[in-house]
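# Remarks on the overall topology
Each chain, written out:
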Amino acid sequence: MVSTPTPLCDFGWKAPDFSLPGIDGRTYRLADVRGRRGTLVMFICNHCPYVRAVVDRLVRDVAALRPLGIGAAAIMANDTVRYPDDAPDRMREFAAEHGFSFPYLIDETQEAARAYDAVCTPDFFGFDAGLGLQYRGRLDESGRQPAAPGVRRDLFEAMRQVAETGHGPAEQRASMGCSIKWRA
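Residues numbered from 1 in each chain as written. Predicted model: local features only at pLDDT ≥ 70, side-chain atom pairs only at ≥ 80, totals over all residues. Heavy atoms only, no water.

## What about the overall build of the chain?
Secondary structure summary: the chain contains 5 helices and 10 strands in total. Compactness check: the chain gives a C-alpha radius of gyration of 15 Å against a globular reference of 16 Å for 184 residues, within 12% of the reference. When the backbone C-alpha atoms are referred to their principal axes, the chain occupies close to 40 × 35 × 30 Å. Here the chain holds 184 residues, and 53% of them are scored as buried. Once local pairs closer than 6 in sequence are excluded, the contacts in the chain between residues at least 24 apart make up 78%. Accessible area of the chain: about 8300 Å², with a carbon and sulfur share of 50%. (Helix = DSSP H or I, 4+ residues; strand = E, 2+ residues; numbered from the N terminus. Rg over C-alpha atoms; globule rule 2.2 N^0.38 Å. Buried < 20%, exposed > 50% of the residue type's maximum accessible area, 1.4 Å probe, protein only. Contact = heavy atoms within 4.5 Å. Areas by Shrake-Rupley, 256 points an atom, 1.4 Å probe, with all protein chains shown as cover.)

Printed below as a string of structure tokens:
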């Protein structure tokens, strides 16, 4: 396993649309998950130790952002032939186990991941109400470790700021995780 950091935020970059199947059998477009004050698009997977370490905090923060007008979706783009732990049946189990309250989508062609220039899991893209990028950073400083009491919730605070002002923080720290498992 090699940890891969994400690039920093390209403020104002527009969110690409997508049409992806969810684990619930529905097909979702960006408009279906868009919030009135902002949208969070997350690239995650089931097997990555970085995702596994933060998933419960991520679920908590997405739920806390919803009343602020932030919509969210998670996208799994890994090659499921080489990484069967990320297959759709496992995605359903993972989402149920952790209480996902947001769509969990599969990017079988990896076109959405390429359009977003996603590089790792987790990779967070926080957009304003007009779908301009305002945050591309980490969930919090804990990485793969348990979060210390009172740890700063970077993603939550950034998206709350986006909801309140339309702008993300000037200083952002890159997310880090396992590389996207691209098809050959």
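After that view of the structure, there is still more to cover.
## Quick look at the packing of helix α2 (residues 49-65) against helix α5 (residues 154-165)
Between α2 and α5, whose axes approach to 10 Å, the crossing angle comes to 15°. With respect to α5, the element α2 is oriented roughly parallel. In the packing of α2 onto α5, the handedness of the crossing is right-handed. Between α2 and α5, the contacting residues are L58, D61, A64 and L65 on the first element and L155, F156, M159 and R160 on the second. (Axes fitted to C-alpha atoms, helices over the stretch in contact; angles between N-to-C directions. Parallel < 35°, antiparallel > 145°, perpendicular 65-115°, else oblique. Left-handed = near helix turned anticlockwise from the far one by under 90°.)

## Re the environment of W13
Summarising the element assignment, W13 is placed in the loop between β1 (3-5) and β2 (19-21). The exposure class of W13 is partly exposed, given its relative accessible area of 26%. Taking the C-alpha atoms as reference points, W13 and Q134, 121 residues apart in sequence, are found 8.3 Å from one another. Among residues more than four places away in sequence, those in contact with W13 are A115, Y116, F125, F127, L131, G132 and L133.

## Let's talk about the state of the cysteines
Taken as a whole and assessed by the stated rule, the structure comprises 0 disulfides. Free of any disulfide, C120 has its nearest cysteine sulfur in C48, 7.8 Å distant. For C178, which is in no disulfide, the shortest distance to another cysteine sulfur is to C48 and amounts to 3.2 Å. (Disulfide = S-S within 2.5 Å.)

## Overview of the sheet that holds strand β8 (residues 123-128)
Pairing is mixed in the open sheet, where 5 strands are placed in the order β6-β5-β4-β8-β9. Each edge of the open sheet carries a strand with a single partner, namely β6 (104-106) and β9 (133-135). On average, adjacent strands in this sheet sit at an angle of 30° to one another, irrespective of strand direction. Of the pairings in the sheet, the one linking strand β5 (residues 70-76) to β6 comprises 3 bridges and is parallel in character. Within β6, the residue paired with M76 across the bridge is I106. In this fold α2 packs onto β4 (38-43), β5 and β8, with an angle of close to 165° to the strand it touches most, β4. (Pairing = 2+ DSSP bridges.)

## Observations concerning α5
Between its terminal C-alpha atoms α5 stretches 16 Å, which fits the 16 Å expected from 12 residues at 1.5 Å a residue. Those residues of α5 that sit buried are D154, L155, F156, A158, M159, V162 and A163. Close packing links the buried residues of α5 with β4, α2, β5, β8 and β9. Looking one or two residues beyond α5, the residue adopting positive phi is G166, at roughly 85°. (Expected span 1.5 Å × (residues − 1).)

## Notes on unusual backbone geometry
The omega torsion of the bond from T121 to P122 falls at 0°, within 30 degrees of zero and hence cis. Following the sequence through the fold, P122 ends up in the loop between β7 (120-121) and β8.

## Brief notes about the pattern of salt bridges
Scanning all chains against the criterion turns up 10 salt bridges. Two residues, R90 and D85, come together in a salt bridge whose shortest N-O distance is 2.9 Å. Classification of R90 as partly exposed rests on a relative accessible area of 37%. Two residues, D123 and R136, come together in a salt bridge whose shortest N-O distance is 2.7 Å. A residue pair is termed long-range when its members are at least 10 positions apart, and D123 in strand β8 and R136 in the loop between β9 and α5 qualify at 13 residues. (Salt bridge = Lys/Arg side-chain N within 4 Å of Asp/Glu carboxyl O.)

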